[in-house]
Amino acid sequence: MRSAWIQIYISSTLGGASGGLSTLRLGDRGSNPSQVIPNTLKMGSNLLDTQLQGKWRHQGWALLQFLMVCGSHTEEPACKQTGDHENPQLFKNGDIMLGGIFSFHSSWKNSQDEYNQKPQQLQCTSLHFRDFQFAQAMRFGIEEINNSTELLPGITLGYNVYDTCGSIARSVKVALSLVNGNEGKASPLKACSKPAQVQAIIGETSSSPSTAIAAVLGPFHIPIISHFATCACLSDKSKYPSFLRTIPSDYYQSRALAHLVKHFGWTWIGAVRSNDDYGNSGMATFTETAQQLGICLEYSVSFFRTDPTGKIQKSIDIIKASTSKVIVAFLSPMDLDVLLREFSQNNLTGYQWVGTEGWIFDYQTATIDVNHILDGAVGLSIPKAHISGFREFMLDVKPLNSPKNDLFTEFWEALFSCKLKQSQTEEIQRECTGHEDLTGVENGFTDMSLMPIVNNVYKGVYAVARALHNILKCNKTCDTSVTLDPSTILQHIQKIQFKTKEGDEVYFNENGDPPAKYEIINWQPRENNTVEFVYAGLYDVSLPADKQLTLQNKSLIWTQNSVQVPVSVCSEKCPPGTRKMLQRGKPVCCYDCMRCAEGEMSNVTDSITCVKCLAEFWSNERRDACVKKEELFLSYEEIMGALFTAASLFGTCLTAAVAFIFFRYRKTPLVRANNSELSFLLLFSLTLCFLCSLTFIGRPSEWSCMLRHTAFGITFVLCVSCVLGKTVVVLMAFKALSPGKRVIKMFGPTQQRLSVLGFTFVQVIICILWLTLSPPFPIKNFKEYKDKIILECSLGSAVGFWSVLGYIGLLAVLCFIFAFLARKLPDNFNEAKFITFSMLIFCAVWITFIPAYVSSPGKFSVAVEIFSILASSFGLLICIFIPKCYIMLLRPESNTKKSMMAKRPPKAF
């Protein structure tokens, strides 16, 4: 058969922890990929460690994927193990094996590769008690299941638990070791068709190692259940088909953090994140949601705990130079520990921290924060949990004490700050026996603050057990003849739904995620430099959007023991009556407050626009409300309206008085000689003229608009018609005195009445046509004033109005001409002279009325019209009737027939 040989030189520049020149032979075509490829990939996993960032990390994954493709086309009948084997830190045999991947150490010793020999394995340092708790939770769950008669009866579960030292490369390597089962020496030619050694894997704790493990083991459908990997990227089933978790995705946490920040009014914040999948993905979602809520990030810096000091210092300098007082930290506890040391060295305090579930409930972080940098921190945590019997089990670590278990020795010595006898060390420390009592110890291992995450491990173990229980068709016994397949186990885990003994419901959605629910935690300092994690609220995604976040603000303590909510804004809030105006070159949270323009308003704080008031409204002085515009019209209450009313009533009374005088002296020669019938009709029309001016005063209405113009037009025509009739009568009377003249007979009383009626009827016809075709109507004039409304009457048809006015003017001109012709009559009976003066006044008033009316705005145009009516009416009344009243009342000797018949030589006019 054709064989495939691949020689790969793995540079220590990429691999770091391991490398060298290796030759491997891939198996036959048709061999089980679940065994061939993991064996092959084991060497490629050495390319990845926690120092791999940027392009080197992607190159490492590209190489692993290349190896997977090559492995799927091999034809050799056997496979050969390459690389060093890995031994589990915790081990127990069982009928069905489960794998565990935890980071018992947080770092490792760096070694300098010479490229002339095989690199050494990682030497782990900095024991991490937290993951030791998680491993104990896995052991506790397995022991509880093994002792149960209801779950997997007759079947024992075993475990292989590995330490990754916080290295991504080692995480991939131990994951492949769990699948291959290559802890010990392998034979030269080992069959590749045996099933995977473990049926499921519990872990990893962090997101970046979990993405690496899930990417490598995903094609083999090995179920991976993480208890603390929250990166939203892991919900992508196309990339990570076999990954599940018992902790909610950061997609929900990131959005919850953004809403929490918005709730406290922090719109100008800084962001710090771990430069890994957890930090980058979580912060990306947070930033997107924050922008939607109007929150601005002044800066967003990333770092990793293994970064050079200079790079970390640059991030510190950025934070120092910032003006925001709130820091959202998407950090792992190990990264936060490094950051806290830098903050302490640079004396950076007084910030309000907002944290994720990664560190907000971490006792060890609180212990390290001796300078109280995180006092008052608020953040999200997994809801509290309790597992009965776990604390007692966790403290019983003596079963782990074996000569070959170096982890126990290191753990015990770190726990009691001593040295066991069998431990080789040059340092002289207190000696311990390995039988010390754990019950009185207070440190990160005995602290139960991380019980929610411990419970996630516990639920993950039970999820696997429930799936196995269903596959093996367990009742009182289990069907051990069923061949276990990782794909089948994965399918059953995805479908399970059960409750733990404590009542916690466990199930996974289509993305392999549990329901999202967070408690809001507040760091409150207590005596003796301790910190209490106080429950301050809840965020439940299952509730409606407006009820998801509930807070108990009274229970919160902020930075430096202050009860006041810190303020972190780029610009102060814009009060009502103003709007935001962005500052050039700055984020949207930095703005100036501009006062709204006239006619615009804003009645909310931080308004981005000013709303234009409706046409009938205008903004008040503060520009925070629209008030109804002042309506302008000539009213009876104002001075000008009252004066016009008084003048109108005075004119009416004066006309009535004149009519009374004329009626009383109706039989005298003066009244009889001046055509008493036309005189009384003229006085009646003048009375109507004075009264019609009142229709122009007050709020315009539909009826008042039609009445004021038509009444004015008809009454004035009636008035001028009477004057014209009197003028013609006077003129004809004196012309008729000449011999042979018969004109007076043609203009007798009947003809006078008919002429007045005819002239008036023409005006009536014009008014009827005007009212029928396009009558006047009330309007609101918004154009003259911005902040006021002029209530006025629209003419409707301008032709109708000027026709009415023009007809009056025509009659007035005729009357003036006739009166002018009769101006040289004898003084004793020269009424034409007074009519001439009255018509002169009348014409002068109405000629000046036209430009004044056209140019006057609003109620002043009405005032001009009223003034013209009153002035012309008073002119007619005074010029025609007052001289006669003077004679009748004060010069009765002149009111005789003899006096009236006396002729005097005419005088020039």
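Parameters and conventions
Residues numbered from 1 in each chain as written. Predicted model: local features only at pLDDT ≥ 70, side-chain atom pairs only at ≥ 80, totals over all residues. Heavy atoms only, no water. Helix = DSSP H or I, 4+ residues; strand = E, 2+ residues; numbered from the N terminus. Buried < 20%, exposed > 50% of the residue type's maximum accessible area, 1.4 Å probe, protein only. Areas by Shrake-Rupley, 256 points an atom, 1.4 Å probe, with all protein chains shown as cover. Expected span 1.5 Å × (residues − 1). Axes fitted to C-alpha atoms, helices over the stretch in contact; angles between N-to-C directions. Parallel < 35°, antiparallel > 145°, perpendicular 65-115°, else oblique. Left-handed = near helix turned anticlockwise from the far one by under 90°. Contact = heavy atoms within 4.5 Å. Pairing = 2+ DSSP bridges. pLDDT = per-residue confidence, 0-100. Salt bridge = Lys/Arg side-chain N within 4 Å of Asp/Glu carboxyl O. Core = buried A, V, L, I, M, F, W, Y, C linked by side-chain atoms within 4.5 Å. Arc of directions from axis to C-beta. Disulfide = S-S within 2.5 Å. Phe/Tyr/Trp six-rings, centres within 6.5 Å; stacked < 30°, edge-to-face > 60°. Nonpolar A, V, L, I, M, F, W, Y, C, P; charged D, E, K, R; others polar.

A.B. asks: Please clarify how the overall build of the protein should be interpreted in this entry.
C.D. replies: A count of helices and strands for the protein gives 25 helices and 31 strands. Within the span of the protein, comprising 909 residues, buried residues form 54% of the whole. For the protein, the exposed area adds up to about 41,400 Å²; of that, 57% sits on carbon and sulfur atoms.

A.B. asks: Got a minute to help me understand helix H21 (residues 749-773) in this structure?
C.D. replies: A turn of α-helix holds 3.6 residues, and therefore any two residues three or four places apart point the same way. Look at H21: 36 Å from first C-alpha to last across 25 residues, which is about the 36 Å you get at 1.5 Å a residue. Where H21 is concerned, the buried positions are Gln752, Ser755, Val756, Thr760, Gln763, Cys767 and Trp770.

A.B. asks: Looking at this structure, how should I read the packing of helix H9 (residues 309-321) against helix H10 (residues 333-345)?
C.D. replies: As a packed pair, H9 and H10 sit with axes 11 Å apart at the nearest point and diverge in direction by 60°. When the axis of H9 is compared with that of H10, the two are oblique. Considering the relative orientation of H9 and H10, their crossing is right-handed. From H9, Ile312, Gln313, Ile316 and Ile319 reach across to H10, where they touch Val338, Leu339, Glu342 and Phe343.

A.B. asks: Can you help me understand the sheet that holds strand S8 (residues 200-202) in this one?
C.D. replies: Remark on secondary structure: sheet strands pair via backbone hydrogen bonds, oriented parallel or antiparallel. Read from one edge of the open sheet, six strands run S3-S7-S4-S8-S9-S10, paired in mixed fashion. Because the sheet does not close on itself, it has two edges, and the strands there are strand S3 (90-92) and strand S10 (243-245). Taken pair by pair, the neighbouring strands of this sheet meet at an average axis angle of 25°, ignoring direction. Pairing of S8 with strand S9 (residues 224-226) involves two bridges; the strand directions are parallel.

A.B. asks: Mind showing me how you'd approach the confidence of the model for the protein here?
C.D. replies: Predicted confidence across the protein gives a mean pLDDT of 81, with 82% of residues reaching 70 or more. Segment residues 1-77: pLDDT under 50, and 176 contacts once partners within four positions in sequence are set aside and those in other chains are kept. Confidence drops under pLDDT 50 across residues 904-909; counting only partners more than four residues distant or on other chains, this segment forms 10 contacts.

A.B. asks: Explain the pattern of salt bridges to me, please; I cannot follow it from the model alone.
C.D. replies: Where side chains of opposite charge bring their charged atoms close, a pairing between them can arise. Overall, the coordinates contain 16 salt bridges when judged by the stated rule. Between Glu616 and Lys628 there is a salt bridge, and its shortest N-O distance comes to 3.1 Å. Of the two residues, Glu616 is situated in the loop between strand S26 (611-612) and strand S27 (617-619) and Lys628 in strand S28 (residues 626-628); the sequence distance between them amounts to 12 residues. For Lys628, a relative accessible area of 47% gives the class partly exposed. Residues Lys780 and Glu616 are paired through a salt bridge, measuring 3.1 Å at the closest nitrogen-oxygen approach. Of this pair, Lys780 sits in strand S30 (residues 777-781) while Glu616 sits in the loop between S26 and S27, placing them 164 residues apart in sequence. Put simply, Arg130, Asp131 and Asp362 are held in one network by salt bridges that share partners.

A.B. asks: For this particular structure, what's the right way to read the nonpolar core?
C.D. replies: Formed by 100 residues in total, the largest nonpolar core has its most connected members in Met138, Leu152 and Phe445. Tallying contributions element by element places helix H14 (residues 451-471) first for this core, with 13 residues. Apart from residues no more than four positions distant in its own chain, Phe445 is found in contact with Phe129, Phe132, Gln133, Gln136, Met394, Leu395, Val397, Phe411, Leu415 and Leu438. Within the second largest apolar cluster, 63 residues are counted, among which are Cys719, Met839, Leu876 and Phe881.

A.B. asks: So what exactly am I meant to see when it comes to helix H15 (residues 486-495) here?
C.D. replies: Within the span of H15, buried status applies to Pro486, Ile489, Leu490 and Ile493. Along the axis of H15, the buried positions cluster into a sector of 100°, meaning they face one direction only. For H15, the secondary structure elements touched by its buried residues are S9, S10 and H14.

A.B. asks: What am I meant to see in the state of the cysteines here?
C.D. replies: A covalent bond between the sulfur atoms of two cysteines is what we call a disulfide. Inspection of every chain in the model, using the stated rule, returns 10 disulfides. Bridging Cys574 to Cys593, the disulfide has an S-S length of 2.0 Å. An S-S torsion of about -95° defines the bridge between Cys574 and Cys593 as left-handed. Within this pair, whereas Cys574 is found in the loop between strand S22 (549-551) and strand S23 (578-582), its partner Cys593 is found in strand S24 (residues 591-595), the two being separated by 19 residues in sequence. The class for Cys574 is buried, based on a relative accessible area of 0%. Using a relative accessible area of 34% as the deciding quantity, one classes Cys593 as partly exposed. A sulfur-sulfur distance of 1.8 Å marks the disulfide that ties Cys705 to Cys793. Between Cys705 and Cys793, the disulfide has an S-S torsion of -80° and is therefore left-handed. You can see Cys705 sitting in helix H19 (residues 702-735) and its partner Cys793 sitting in strand S31 (residues 788-794), a full 88 residues away along the chain.

A.B. asks: I keep staring at the environment of Tyr251 and nothing clicks. Help me out?
C.D. replies: With respect to the secondary-structure elements, Tyr251 resides in helix H7 (residues 250-263). As for Tyr251 and Ala516, which are separated by 265 residues in sequence, their C-alpha atoms are 9.5 Å apart. Discounting chain neighbours no more than four positions away, the residues touching Tyr251 are Ala232 and Thr285.

A.B. asks: How do you make sense of the packing of aromatic side chains when you look at a structure like this?
C.D. replies: How two aromatic rings sit relative to each other is given by the distance of their centres and the angle of their planes. The tally for this structure, following the rule as stated, stands at 29 aromatic pairs. Seen from their ring centres, Phe129 and Phe411 are 5.9 Å apart, and the 85° between their planes marks the pair as edge-to-face. Of the two residues, Phe129 sits in helix H4 (residues 129-146) while Phe411 sits in helix H13 (residues 406-416), which places them 282 residues apart along the sequence. Side by side, Phe129 and Phe411 carry an identical accessibility label, which is buried.

A.B. asks: For this particular structure, what's the right way to read the packing of H21 against helix H22 (residues 798-821)?
C.D. replies: Axes are the key here: two packed helices are described by the angle between their axes and the distance separating the axes. In the contact formed by H21 and H22, the axes pass within 9 Å of each other and the chain directions differ by 170°. Judged by the inter-axis angle, H21 sits roughly antiparallel to H22. Of the residues in H22, those in contact with Phe759, Val762, Gln763, Ile766, Cys767 and Trp770 of H21 are Gly800, Phe801, Ser803, Val804, Tyr807, Ile808 and Leu811. Broken down by class, the residue content of the contact of H21 with H22 amounts to 10 nonpolar, three polar and no charged.

A.B. asks: How should the sheet that holds S22 be read in this particular structure?
C.D. replies: The eight strands are arranged S12-S11-S13-S14-S15-S20-S21-S22 in an open sheet whose pairing can be described as mixed. Of all the strands in the sheet, the pair left with one neighbour each is strand S12 (296-303) and S22. Between one strand and the next, the sheet's axes are offset by a mean angle of 25°, whatever the strand orientation. Bridge count between strand S11 (residues 268-274) and strand S13 (residues 326-330): four bridges; the pairing is parallel. Counted as the bridge partner of Val272 is Ala329 from S13. Here H9 sits on the sheet and contacts S11, S12 and S13; the angle it forms with S12, its principal contact strand, is near 165°.

A.B. asks: Would you take a moment to explain the environment of Phe220 for this structure?
C.D. replies: Checked against the element boundaries, Phe220 lands in the loop between helix H6 (207-217) and S9. The buried category is assigned to Phe220, whose relative accessible area is 10%. As a C-alpha pair, Phe220 and Pro241 span 21 residues in sequence and 9.4 Å in three-dimensional space.

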